[in-house]
Amino acid sequence: MKKNRKLNKSLLISLVYIGVLAALFSLDYSGFFKPIENSLLDQKFRIFQREAPNDHIAMVMIDQKSLDLFIQKHNIYWPWPREVYSIVHNYLMAKQARVVVYDILFDQPDFDRNDMKGEISDQSLEQLFGTYGNAVLSAQAIESDSGYTSTKLSPFSYPIQTKDPYPLYTVHNIPIPRFLKTAQKIGSVAIPTQNETVIRSVPLFFNLKDHQALPSLSMAAYLAYKNEPIKQIREANHTLSFDSLRIPLQPNGRYLVNWYKEAASQAGRFEHISF
């Protein structure tokens, strides 16, 4: 009798244990713990934030102040003619900027205005890109089963060797031919959000067909700054490798971002300059 009671008690404990485990696995699979995990991750990053933003990087912002000033003083409305960017690009070169990254899509030719032909406006910016050879331009990579991309992007994509089943992307909103011809690098501005309000991770490269990959805009900026040839990129065991770099990735192939903390002063962020 005592033996049976012990067996029944052990069986009951085992069943409860299995039930609890099943419930936990079910909750984890449904994403129940995801907000808690994200909150803990955010808190950890805040506590262990040590690195200061690189003072060699400045953000030139097209803010409301810029838009208002161009209207009031120059009678120039958005979208601005490309000649405006030519003037600023030339100014940045005088200030010895090493790389200029445009988080703007130049995928359509400029249009005619009262005082300027769109073609002439485009030509002025093309000449600056060609003269200095340090412009990083934007396109958009969108997830697609085909992974199709234009052959025009061949100079800006990289051979990639991957053993991980990451999704393929198709590239849209490619810069117009005259800018493609003179750009140093092209990068994707698209950031898949995974339905999150806070962006915690980003792709560094977007896999295309034929074992090619297009860098994100930030990675394209890094590659332009280094200005060194890359023979091949490798993705294996959740690690991205090229040259001497070994970058850890999440299981979905994205890079976990430890953002610089927000601050009202310049000490806690990149330098911001109104256009």
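As a reminder, the structure under discussion sits directly above these lines.
Residues numbered from 1 in each chain as written. Predicted model: local features only at pLDDT ≥ 70, side-chain atom pairs only at ≥ 80, totals over all residues. Heavy atoms only, no water.

Caption draft 1: View of the layout of surface pockets. By volume, the second largest pocket is sized at about 400 Å³. For the second largest pocket, the lining is made up of 18 residues, of which His74, Ile76, Pro81, Arg113 and Asp115 are closest to its centre. Listed by contribution, the elements that provide at least two residues to the lining of the second largest pocket are helix H3 (64-74) and helix H4 (82-94). When residues of the lining of the second largest pocket are assigned to their parent elements, the largest contribution, four residues, is made by H4. Taken together, the residues of the lining of the second largest pocket break down into twelve nonpolar, three polar and three charged. (1 Å grid on protein atoms, 1.4 Å probe; cavity = no way out; pocket = protein on both sides within 12 Å on 5 of 7 lines; lining within 4 Å. Points joined across faces, edges and corners; volume = space filled by probe spheres on them. Helix = DSSP H or I, 4+ residues; strand = E, 2+ residues; numbered from the N terminus. Nonpolar A, V, L, I, M, F, W, Y, C, P; charged D, E, K, R; others polar.)

Caption draft 2: Spatial organisation of the nonpolar core. Counting 27 residues, the largest nonpolar core has Tyr102, Phe106, Phe129, Leu137 and Ile186 as the members making the most contacts within it. Looking at this core, the elements with two or more residues in it are H4, helix H5 (118-132), strand E3 (135-143), strand E5 (169-172) and helix H6 (177-180). Per-element tally for this core: the top contributor is E3, with four residues. Apart from residues lying up to four places away in sequence, phenylalanine 129 is in contact with His89, Tyr102, Phe106, Asn134, Ala135, Leu137, Phe179 and Thr182. If you look at the next biggest cluster of nonpolar residues, it comprises 16 residues, including Tyr158, Phe205, Leu223 and Leu240. (Core = buried A, V, L, I, M, F, W, Y, C linked by side-chain atoms within 4.5 Å. Buried < 20%, exposed > 50% of the residue type's maximum accessible area, 1.4 Å probe, protein only. Contact = heavy atoms within 4.5 Å.)

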